[in-house]
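Residues per chain, in single letters:
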Amino acid sequence: MKIAVLGANSALGSSLVKKAEEAKISVVNLVNNAINLVGQGRVVIKDYSDLELKDIADCHYVIDTESFLCIDKYSSDLLPLWHLLEIMRSSKIKLLALGSSSFLYTDKSRNNMVFQSECQLDDNQKLKGRLSVNAYMRLKSCTNVDWSVLCPPLLVEQNSYGCGKIEFSDDILPMGLNGDSSISQSDFVLAIVELLKRGPKNHQCMSVRALRSHN
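This structure is a prediction, so every number in the text was calculated from the model and none was measured.

A. Main features of the nonpolar core. Core analysis: the biggest nonpolar cluster contains 41 residues, and Leu30, Val62, Met88, Leu95, Phe103 and Val149 have the highest contact counts within it. Elements that contribute at least two residues to this core include exactly β1 (2–6), β2 (26–31), α3 (80–88), β5 (94–98), α4 (123–139) and β6 (146–151). When residues in this core are grouped by element, the largest group, six residues, is from α3. If near-sequence neighbours (up to four positions away) are discounted, Val62 is found in contact with Ala4, Leu30, Ile56, Leu84, Met88, Ile93, Lys94, Leu95 and Leu96.

B. Representation of the packing of helix α1 (residues 11–22) against helix α5 (residues 185–198) in the model. At their nearest, the axes of α1 and α5 sit 9 Å apart, and the two run at 50 degrees to each other. Overall, the two elements α1 and α5 adopt an arrangement that is oblique. The crossing of α1 and α5 is right-handed. Residues Ala11, Leu12, Ser15, Leu16, Lys19 and Ala20 of α1 pack against Gln185, Phe188, Val189, Ile192 and Val193 of α5.

C. Quick peek at the environment of Lys24. When you line up the elements, Lys24 lands in the loop between α1 and β2. A relative accessible area of 72% places Lys24 in the exposed class. Residues Lys24 and Lys108 lie 84 residues apart in sequence; the distance between their C-alpha atoms is 37 Å.

Rules used throughout
- Residue numbers restart at each chain and count upward from 1, following the sequence in its written direction.
- Since the coordinates come from a predicted model, pLDDT governs what is reported: local features require at least 70, and pairs of side-chain atoms require 80 or more to be given and counted, while whole-chain, interface and lining totals use all residues.
- For side-chain calculations, the full set of non-hydrogen atoms in the structure is used, while hydrogens and water are omitted.
- Among the buried residues, those of types Ala, Val, Leu, Ile, Met, Phe, Trp, Tyr and Cys that are joined through side-chain atoms within 4.5 Å form a nonpolar core.
- Residue burial is assigned from relative accessible area. The probe radius is 1.4 Å, only protein chains are included, and a residue is buried under 20% of its type maximum, exposed over 50%, and partly exposed in between.
- Under the DSSP-based scheme used, a helix requires at least four consecutive residues in state H or I and a strand at least two consecutive residues in state E, with every element numbered from the N terminus.
- When checking whether two residues touch, look at their non-hydrogen atoms; a contact exists if any pair is within 4.5 Å.
- Orientation is described by lines fitted to C-alpha atoms, with helices fitted over the stretch in contact, and by angles between N-to-C directions that extend from 0 to 180 degrees.
- Roughly parallel here means an angle under 35 degrees, roughly antiparallel means over 145, roughly perpendicular means 65 to 115, and every remaining angle is called oblique.
- Should the near helix be turned anticlockwise from the far one by less than a right angle, the crossing is termed left-handed; should it be turned clockwise, right-handed.

Quick look at the structure:
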């Protein structure tokens, strides 16, 4: 398998590159600068809006680590996601976007998204949540690209140790028995690689949580 990682030199992106290569997955690094590059794969240094199909033509998947997780850096109309969808349309390359817990549902009734609940309390979370929900609704209208979305729980812990055990679920916010909704960055990266091996379901949103001993 060969993947392209957009945002490969971010903290999450570089961790994903390392984990993918450990799993014998070839990686193309899509970055907009040459800082903090890792891994052994080919590097494409371009503004994301300048990417071309030929840059990713030999890949099975493109992993977008930027558009939703860093959505407050971009104008809603200028997300890298939209350009990826444009250059990938009608190709055989699949897109796996790393999503936001904002557009997961709070429970099985599917009446309310996390964005509409009290889970997001500060203004920055609310802003990112609103932008993410709007972008996801736009993504759902795309039918000429095989896309999937993997959403983390409410909290991604960058510096905590992973437990190495994960559980995938549908588009409902994953929570432990004690009400926590978190995952370490290392376990989230593990989940991305595992999902690639299994094959994400087309045009669907999934969530994942860590199976800690107290869960």
